[in-house]
Amino acid sequence: VDEVESSCPLCKRRVCELTRVGAGGVVLNRRPVAARVQQKPEATEAELQALADEADETYNCVVCGTGERDECILLCDSCDRGFHTFCLEPRLDSIPDGDWYCPDCAPTVLSPEASTGDGPLFRSGRERQRAPA
């Protein structure tokens, strides 16, 4: 439950009372302004399920399917899918600095010089792709 207060759109001061003033500064009418209580709508079951599904998809490892040891999950800078460092082949000992691309995205986002034979490799299926340095 949130309390909503009325405020002046210019100075942002809280408004407790509305005053109508006539000619010569004579107060014609005063009306108190009460704070309103605003109820947030309850989320539907479908909305809650959609949020849970989105969280599962975003933070779970694509290889093993779990979100355990989330401090070891790398998120691809291209597709946002997650991979545990220890589920990758070859396995990574730590989270690399800078941008990281999963084995599926690496071939499409890496520069042509990545195919020169230098640098670490990821194995994805039958292909070998370069990892960004």
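Asker: Just to check I follow, could you spell out the overall build of the chain for this structure?
Answerer: Looking only at helices and strands, the chain features two helices and eight strands. The order of α-helices and β-strands along the chain, N terminus first, is β-β-β-β-α-β-β-α-β-β. Out of the 133 residues in the chain, the part that is buried amounts to 17%. A fraction of 25% describes how many contacts in the chain between residues 6 or more apart in sequence connect residues 24 or more apart. A total accessible area of about 10,200 Å² is found for the chain, and carbon and sulfur atoms account for 49% of it.

Asker: Sorry if this is basic, but what is going on with the confidence of the model for the chain here?
Answerer: Where the model shows low pLDDT, its predicted coordinates should not be examined in detail. Of the residues in the chain, 76% have a pLDDT of 70 or more, and the chain-wide mean is 77. This model gives residues 114–133 a pLDDT under 50, and the stretch forms 40 contacts once residues within four places in sequence are excluded.

Asker: Explain the pairing of strand E2 (residues 17–21) to me, please; I cannot follow it from the model alone.
Answerer: If a strand is regular, its side chains alternate between the two faces of the sheet. Bridging between E2 and strand E3 (residues 27–32) involves five bridges; their strand directions are antiparallel. In the sheet register, Arg20 faces E3, and the bridge partner there is Asn29. A loop of five residues connects E2 with E3, the two strands running antiparallel in sequence, and Gly24 in this loop sits at a positive phi of about 75°.

Asker: Got a minute to help me understand the side chain of Thr85 in this structure?
Answerer: Within the secondary structure, Thr85 sits in the loop between strand E6 (82–84) and helix H2 (106–109). Of the residues examined, Thr85 reaches a relative accessible area of 6% and is grouped as buried. When sequence neighbours within four positions are dropped, the list of residues in contact with Thr85 reads Cys72, Leu74, Arg91, Leu92, Ser94 and Ile95.

Asker: Just checking my understanding: could you explain the pattern of salt bridges for this structure?
Answerer: Oppositely charged side chains are able to pair whenever their charged atoms sit close together. Within the structure shown, the criterion is met by three salt bridges. Across the pair Arg69 and Glu71 runs a salt bridge whose closest N-O atoms are separated by 3.6 Å. The closest approach of N and O atoms between Asp104 and Arg81, which form a salt bridge, is 2.6 Å. Of this pair, Asp104 sits in the loop between E6 and H2 while Arg81 sits in the loop between strand E5 (73–75) and E6, placing them 23 residues apart in sequence. The class of Asp104 is partly exposed, set by a relative accessible area of 46%. The class for Arg81 is partly exposed, based on a relative accessible area of 28%.

Here is what the cut-offs are and how they apply
- Residues numbered from 1 in each chain as written.
- Predicted model: local features only at pLDDT ≥ 70, side-chain atom pairs only at ≥ 80, totals over all residues.
- Heavy atoms only, no water.
- Helix = DSSP H or I, 4+ residues; strand = E, 2+ residues; numbered from the N terminus.
- Buried < 20%, exposed > 50% of the residue type's maximum accessible area, 1.4 Å probe, protein only.
- Contact = heavy atoms within 4.5 Å.
- Areas by Shrake-Rupley, 256 points an atom, 1.4 Å probe, with all protein chains shown as cover.
- pLDDT = per-residue confidence, 0-100.
- Pairing = 2+ DSSP bridges.
- Salt bridge = Lys/Arg side-chain N within 4 Å of Asp/Glu carboxyl O.

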